[in-house]
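Letter by letter, the chains look like this.
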Amino acid sequence: MLGLTLRCEIRTNNFPLLVDHISREAAYFAIRLKELNEGKLSPAQDAIIKENVFFLRIMADHSKFIGHLLDPSERKLVEQAREFSHDFDQLLFQAIDLDSMRPQSETKPLLSQFLDQNKVSVVSLRDFKKTARELIEACRIKSNIHPLLADHTFREAERFLEIIDLFEANLNRKQSDNKTLES
Ligand SMILES: [Fe+2]
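Below, the structure is looked at part by part. (Residues numbered from 1 in each chain as written. Predicted model: local features only at pLDDT ≥ 70, side-chain atom pairs only at ≥ 80, totals over all residues. Heavy atoms only, no water.)

Within the secondary structure, T153 is located in helix α6 (residues 147–182). Overall, the relative accessible area of 5% leaves T153 in the buried class. At 2.8 Å, the side chain of T153 forms a polar contact with the backbone oxygen of A150. Once residues within four sequence positions are removed from consideration, T153 is found in contact with H62, I66 and K129. (Helix = DSSP H or I, 4+ residues; strand = E, 2+ residues; numbered from the N terminus. Buried < 20%, exposed > 50% of the residue type's maximum accessible area, 1.4 Å probe, protein only. Polar contact = N/O pair within 3.5 Å; in protein donor to acceptor, adjacent residues only side chain to side chain. Contact = heavy atoms within 4.5 Å.)

Rendered as structure tokens:
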């Protein structure tokens, strides 16, 4: 689909980045299904940074799709979507910076602040998407956003928050285990 779109052999209203986005999500889901089949219920702890890189990019993409698919006359909402896009691009680059630091084990003391910072932005994007979804469903704003796409972006932010909570709980458990060992 992406190849056909990029070569203009098919003409659709879907942005090439959206086609690529969906393809990345499908690949992620295939890997997750494989892990579930192997009995791995929660994402691996050593995957904290990579998992955040994946989802921060997804959140940055969503903000861009929302910004580009809203009617240009919805100026305030378009501006808000642009701000989210910038915010998530910055968080994504921070995560990529952290991902390349070696030895990777030295980044452990930074992980809880890293998760905290991401969580604050995801909560506010999730709330924005929730409002957008309600307004689109009730036909109270002008856009080319299908209600199912609006719902998808909201649910994916919720999923990212669940994953951050899982990682935070694991980090807290590890810290209290270490304290018990030390005392
Ligand atoms: Fe998505």
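So, on to unusual backbone geometry. Leave glycine aside and you will find that most residues have negative phi; peptide bonds, for their part, are mostly trans. Cis rather than trans, the peptide bond between R102 and P103 has omega equal to -5°. Mapped onto the elements, P103 comes out in the loop between α4 (75–99) and α5 (111–137). A positive phi angle, near 60°, is found at C8, a position not held by glycine. Looking at where C8 falls in the secondary structure, it is placed in the loop between α1 (2–6) and α2 (16–37). For C8, a relative accessible area of 43% puts it in the partly exposed group. A positive phi is found at C139, a non-glycine position, where the angle reads about 55°.

Okay, the coordination of the iron ion next. The iron ion binds to the protein through H21 (NE2), E25 (OE), H62 (NE2), H152 (NE2) and E156 (OE), with metal-donor distances spanning 1.9 to 2.3 Å. Along the chain, the residues that donate to the iron ion are spaced as H-x3-E-x36-H-x89-H-x3-E. Of this pair, H152 and E156 are both found in helix α6, 4 residues apart, which corresponds to roughly one turn of the helix. Residue classification places H152 among the partly exposed positions, given a relative accessible area of 21%. (Donors = N, O, S within 2.8 Å, 3.2 Å for Na, K, Ca; no water.)

This next bit is on α2. Over its 22 residues, α2 extends 32 Å from the first C-alpha to the last, a length consistent with the 32 Å expected when each residue adds 1.5 Å. Packing partners of the buried residues in α2 comprise α1, α3 (48–69) and α6. (Expected span 1.5 Å × (residues − 1).)

Glancing now at the packing of aromatic side chains. Following the criterion strictly, the structure yields 5 aromatic pairs and no others. Geometrically, the ring pair formed by Y28 and F55 is edge-to-face, given 5.3 Å between the ring centres and 80° between the ring planes. Placement of the pair is Y28 in helix α2 and F55 in helix α3, with a sequence separation of 27 residues. An aromatic cluster is present here, built from Y28, F54, F55 and F160 joined pairwise through their rings. When the ring centre of F154 is taken as origin, the NZ or CZ atom of R133, which lies over that ring, is 4.4 Å away. (Phe/Tyr/Trp six-rings, centres within 6.5 Å; stacked < 30°, edge-to-face > 60°. Lys NZ or Arg CZ within 6 Å of the ring centre and 35° of its normal.)

In this structure, N170 sits in helix α6. Polar side-chain contacts of N170 include one of 3.2 Å to the side chain of R173.

Going through the model one piece at a time under the given rule, you end up with 18 salt bridges. Residue R24 is joined to D20 by a salt bridge in which the shortest nitrogen-to-oxygen separation is 3.0 Å. Taken together, the residues span about one helical turn, with R24 and D20 both in helix α2 at a distance of 4 residues. One salt bridge connects D151 with R133, and the closest N-O pair in it is separated by 2.9 Å. Placement of the pair is D151 in helix α6 and R133 in helix α5, with a sequence separation of 18 residues. Take D151 and R133: they sit in the same class, and that class is buried. Connected through salt bridges with shared partners, the residues D20, R24, R57 and D61 form a single ionic network. (Salt bridge = Lys/Arg side-chain N within 4 Å of Asp/Glu carboxyl O.)

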